[in-house]
Amino acid sequence: MFPLKKPKTLNEMVFALNEWAQRLDHIPPESGDSEARRSSADEVGKLLANIRKAAWARSSDSTAQPDPEQLAALAKEVYSTDVIIPLLRNVMYLDFDARKDVTSFVAFILKRQPTVDYLQHRSTVLFPILMKQAGTPEIHRTACQVIREFARHEALCSQLMNQQCFWLFFGHIDDVEFEVATDNFSTLQEILRNYPELTARFLNRNTDYFMKCINGLILSDGYVAKRQALRLLFHLIRQQRNHKFLLAYVDSLESLKLIMDQLRCKSKNICFDAFQIFKIFVANPNKQQAILNVLIRNKRQLVEVLQSPHTLADRHENIQYQKEREYVKRKILSFPDIDTSNPAKQRTHQTHPLHQAYPPPNNHPHSQHSRSQPQPHPSAQSQRVPQ
């Protein structure tokens, strides 16, 4: 290829940016850190820095509105060249400053509504790229930042939640890399909290599979993934819009077994977060018989757990928690005792320690023995979220 002329205007800069990003696309992966790749990546970084200085870094006020004509000219060149695709696809080859400029570049062009419309038509290409990068230690931060920029717009958020690659979040959160896990969880949490109505429709369509994924995180060996999953689950089931999901969760025998098991966790914080969900199982006035049977069989152990200092989690000052704990204990004590006069019933209601009587399922989607990409609920492939 011939050397590119030095660009002077914003339009020329974006055109040149696309050319250099395309060159990165055409360098075979097996070539490694070749001179051609380093040179192309350097040029992309320089152009991003020049665009930043020319378009949005002139004002010291980061909240200042950009010049509408300048923004429109830049955005239109982005639309015509499709530079956003090769740029994001080759983020891993850019240096730290250039990656920050990529995030700023995306945020800048998203200030125009036509950009949102444009990205909707590219979402099936862009989101799989970004979601894969979100699990890559070297570039997960940039990918998650770009995803969050996209998710600030309901139409793009809807399209992401409706794609199969969305479920990769749960695998990334269960990652051994702490920063990868926390960044992905923050992104997932922001997506699920930004638009309650959108989240409610998503949960209604994918109830069973979402339960399997969130329970898989609760079952995780990682403290952060386990605790964050418990807190996110509690937030979701408290929302009135998610009432159908709440009913499905408290009717799930596997979920009850899992939450009961967390009450015996060595971490006091995990015990406390698990109790917030467990109390909903106990307080449910329309328990299924199978749920009630589990609570009856473990009545004595549950009361012991609720009375133990470990479960108090150093929260003696939390009066509301104390009241709830006493209510749950009284409710459990009100359940009928096991009928010891009938040997058959006694065998049926045999009492065991919680973690032995109800071992956690070993087929959750993110166990160490099952790292395959999760498959969404069938309805997620056949339906689209209403706009």
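Note that the coordinates shown come from a computational prediction; the quantities given were computed from them, not determined experimentally.

**Some words on the overall build of the protein**
Counting its regular elements, the protein contains 24 helices and zero strands. Per-residue burial over the protein gives 52% buried out of 387 residues. Restricting to contacts in the protein with at least 6 residues of sequence separation, those with at least 24 account for 75%. Within the structure as shown, the protein displays about 19100 Å² of accessible surface, and the carbon and sulfur contribution to it stands at 50%.

**Observations concerning the confidence of the model for the protein**
For the protein, the average pLDDT comes to 84, and 80% of its residues sit at 70 or higher. Every residue in residues 343-387 is under pLDDT 50, and counting partners more than four places away or in other chains gives 87 contacts.

**Regarding the packing of helix α2 (residues 35-55) against helix α5 (residues 96-109)**
Viewed as axis vectors pointing N to C, α2 and α5 meet at an angle of 45°, and their least axial separation amounts to 9 Å. In terms of orientation, α2 and α5 fall into the oblique class. For the crossing formed where α2 meets α5, the hand is left-handed. In contact with Gly45, Leu48, Ala49, Ile51, Arg52 and Ala55 of α2, α5 contributes Ala98, Asp101, Val102, Phe105 and Phe108. The residue makeup of the contact of α2 with α5, split by class, is eight nonpolar, one polar and two charged.

**Some thoughts on the side chain of arginine 148**
Looking at the element boundaries, arginine 148 is found in helix α8 (residues 140-151). Among the polar contacts listed, one links the side chain of arginine 148 to the side chain of threonine 187, at a separation of 2.7 Å. In this view, arginine 148 contacts Asp183, Thr187 and Glu190; residues no more than four positions away in its chain are not counted.

**Here we look at the state of the cysteines**
Within the structure shown, the criterion is met by zero disulfides. Looking at cysteine 271, it has no disulfide partner, and the nearest cysteine sulfur is the one in cysteine 265, 5.6 Å off.

**Quick look at unusual backbone geometry**
For aspartate 82, which is not glycine, the phi dihedral falls at a positive 60°. Overall, the relative accessible area of 22% leaves aspartate 82 in the partly exposed class.

**As for the pattern of salt bridges**
For the structure shown, the criterion picks out 17 salt bridges. The partner of glutamate 35 in a salt bridge is arginine 38, with the nearest N and O atoms 2.8 Å apart. In this pair, glutamate 35 and arginine 38 are both assigned in helix α2, three residues apart and thus about one turn of the helix distant. For lysine 46, the salt bridge identified is with glutamate 43, shortest N-O distance 4.0 Å. Placement of both lysine 46 and glutamate 43 in helix α2 is noted, with a separation of three residues, approximately one turn of the helix. Among the residues examined, glutamate 43 registers a relative accessible area of 25% and is labelled partly exposed. When salt bridges that share partners are traced, they join Glu149, Arg152 and Glu190 into one network.

**A look at the nonpolar core**
General note: in soluble globular proteins, nonpolar side chains tend to be found buried as a group. One finds Ile84, Phe105, Phe150, Phe166, Phe210 and Phe278 to be the most contacted residues of the largest nonpolar core, which totals 116 residues. At nine residues, helix α17 (residues 268-283) tops the list of elements feeding residues into this core.

**Some details on α17**
Given a rise of 1.5 Å per residue, 16 residues ought to cover 22 Å, and the 22 Å separating the end C-alpha atoms of α17 matches this to within 8%. Helix geometry: α17 is bent most strongly at glutamine 276, by close to 30°. Most of α17 sits out of view: twelve of its 16 residues are buried. Listed in full, the buried residues belonging to α17 are Ile270, Cys271, Phe272, Asp273, Ala274, Phe275, Gln276, Ile277, Phe278, Lys279, Phe281 and Val282. For α17, the capping residue at the N-terminal end is serine 267, with a side-chain oxygen 3.3 Å from the backbone nitrogen of asparagine 269.

**Considering the packing of aromatic side chains**
Under the definition given, this model contains 15 aromatic pairs. With a centroid separation of 6.2 Å and 85° between ring planes, the pair formed by phenylalanine 202 and phenylalanine 210 is classed as edge-to-face. Judged by relative accessible area, which is 0%, phenylalanine 210 ranks as buried. Judged by centre distance (5.4 Å) and plane angle (90°), the rings of phenylalanine 275 and tyrosine 321 are edge-to-face. On the criterion of sequence distance, the pair formed by phenylalanine 275 in helix α17 and tyrosine 321 in helix α21 (residues 319-333) is long-range, its members being 46 residues apart. With respect to burial, phenylalanine 275 and tyrosine 321 carry one shared label: buried. Site record: aromatic cluster; members linked through ring pairs are Phe166, Trp167, Phe169, Phe170, Phe202, Tyr209, Phe210, Phe245, Tyr249 and Phe281. Sitting over the face of the ring of tryptophan 20, arginine 23 holds its NZ or CZ atom 4.2 Å from the ring centroid.

**A look at the packing of helix α7 (residues 123-133) against α8**
Direction vectors running N to C along α7 and α8 enclose 140°, while the axes themselves pass 8 Å from each other. Regarding the angle of α7 to α8, the classification is oblique. Every pair of crossing elements has a handedness; the one defined by α7 and α8 is left-handed. On α8, the residues touching Leu126, Phe127, Leu130, Met131 and Gln133 of α7 are His140, Ala143, Val146, Ile147 and Phe150. When its residues are assigned to classes, the contact of α7 with α8 shows eight nonpolar, two polar and no charged.

Rules used in this analysis
- Just so you know, the residues in each chain are numbered from 1, in the order the chain's sequence is written.
- Given that this is a predicted model, residues contribute local features only at a pLDDT of at least 70 and side-chain atom pairs are listed and counted only at 80 or more, while totals for whole chains, interfaces and linings are drawn from all residues.
- Water and hydrogen atoms were dropped before computing side-chain values, which therefore reflect all heavy atoms in the structure.
- Only DSSP runs of H or I with at least four residues qualify as helices, and only runs of E with at least two residues qualify as strands; both kinds are numbered from the N terminus onward.
- Partly exposed describes any residue whose relative accessible area lies between the buried limit of under 20% and the exposed limit of over 50%, with all areas from a 1.4 Å probe on protein chains only and scaled to the type maximum.
- Here, two residues are considered to be in contact whenever any of their heavy atoms come within 4.5 Å of each other.
- For accessible areas, the Shrake-Rupley method is used with a probe of radius 1.4 Å. Any residue's cover is judged against the shown protein chains and nothing else.
- Values of pLDDT, ranging from 0 to 100, describe the predictor's confidence in every residue of the model.
- With axes taken as lines fitted to C-alpha atoms, and helix axes fitted only over the stretch in contact, angles between N-to-C directions fall between 0 and 180 degrees.
- Angle categories are assigned with fixed cut-offs, so that under 35 degrees is roughly parallel, over 145 is roughly antiparallel, 65 to 115 is roughly perpendicular, and the rest are oblique.
- Throughout, a crossing is termed right-handed when the near helix is turned clockwise from the far one, and left-handed when it is turned anticlockwise from it by less than a right angle.
- All residues other than Ala, Val, Leu, Ile, Met, Phe, Trp, Tyr, Cys, Pro, Asp, Glu, Lys and Arg, Gly among them, are scored as polar; the first ten of these are nonpolar and the last four charged.
- Side-chain atoms alone can form a polar contact between residues adjacent in sequence; in general such a contact is a pair of N or O atoms within 3.5 Å, and within protein one must be able to donate a hydrogen while the other accepts it.
- Working definition: a disulfide is two cysteine sulfur atoms within 2.5 Å of each other.
- We define a salt bridge as a side-chain nitrogen of Lys or Arg found within 4 Å of a carboxyl oxygen belonging to Asp or Glu.
- Residues belong to one nonpolar core when they are buried, are Ala, Val, Leu, Ile, Met, Phe, Trp, Tyr or Cys, and are joined through side-chain atoms within 4.5 Å.
- For a helix, the expected span equals 1.5 Å multiplied by the number of residues minus one.
- What we call the bend at a residue is the angle made by axes fitted to the seven residues finishing there and the seven residues starting there.
- Pairing of aromatic rings covers Phe, Tyr and the six-membered ring of Trp, with a centre-to-centre limit of 6.5 Å; geometry is then stacked below 30 degrees between planes, edge-to-face above 60, and tilted otherwise.
- In our convention, an over-ring charge means Lys NZ or Arg CZ found within 6 Å of a ring centre and within 35 degrees of that ring's normal.

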